[in-house]
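# Structural overview
Each chain, letter by letter, is given below.
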Amino acid sequence: MPHLYTCQACRTEAPQRRDYREDAEADQQAHRDAAHGGHRPIDGDGVRRVHHASRGDGILPRHTFLAFVVLLVLILANSCHH
Ligand SMILES: [Zn+2]
């Protein structure tokens, strides 16, 4: 699972997801140096694990979609009996 550095103090995140935590921590150090003069932001920052972009973040999980389709079919089947 890739890693992404985010800074809550600046409400920013690194431009790239990193396959290795060490690379995301390098982003962290670079941001602290560039934006905070090397200081650690009090509001917090850190490396978090993120999903692969190819998995389609923000799209409904497949089983939720299937449950919706089944429900729709049941409703349609029911309405045909009347
Ligand atoms: Zn920052």
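Conventions and cut-offs
Residues numbered from 1 in each chain as written. Predicted model: local features only at pLDDT ≥ 70, side-chain atom pairs only at ≥ 80, totals over all residues. Pairing = 2+ DSSP bridges. Helix = DSSP H or I, 4+ residues; strand = E, 2+ residues; numbered from the N terminus. Contact = placed C-beta atoms within 7 Å. Axes fitted to C-alpha atoms, helices over the stretch in contact; angles between N-to-C directions. Expected span 1.5 Å × (residues − 1). Buried ≥ 20, exposed ≤ 12 C-beta atoms within 10 Å, placed from the backbone. Arc of directions from axis to C-beta.

### Some details on the sheet that holds strand β3 (residues 45–49)
Sheet strands associate in pairs through backbone hydrogen bonding, adopting either a parallel or an antiparallel arrangement. The sheet built from three strands is open, its strands ordered β2-β1-β3 with antiparallel pairing. Either end of the sheet is taken by a strand with one partner, and the two such strands are β2 (12–13) and β3. Here five bridges tie strand β1 (residues 3–7) to β3, and the two strands are oriented antiparallel to one another. Bridged to C7 within β3 is D45. Docked against the sheet, helix α1 (residues 21–36) engages β1 and β3, running at close to 20° with respect to β1.

### Re helix α2 (residues 62–80)
With 19 residues, α2 ought to run about 27 Å at 1.5 Å a step, and its terminal C-alpha atoms sit 28 Å apart, in line with that. Little of α2 is tucked away: zero of the 19 residues are buried.

### A few points about the pairing of β1
Burial within β1 is extensive, with four of its five residues counted as buried. Looking at chain direction, β1 and β2 are connected through two bridges and run antiparallel. When the bridges of β2 are listed, C7 appears paired with T12.

### Brief notes about α1
Across its 16 residues, α1 extends 21 Å between first and last C-alpha, which sits within 8% of the 22 Å expected from 1.5 Å per residue. Within α1 the residues assigned to the buried category are A24, D27 and H31. In an axial view of α1, the angular spread of the buried residues amounts to 45°, which keeps them on one side of the axis. Away from its buried face, by an angle of more than 90 degrees, α1 presents the exposed residues E22, Q29, A30 and D33. Of the surrounding secondary structure, the elements contacted by the buried residues of α1 are β1 and β3. Phi turns positive one or two residues past the end of α1, at G37, with a value near 60°.

Remember, this is a structural readout, not a statement about activity or role.
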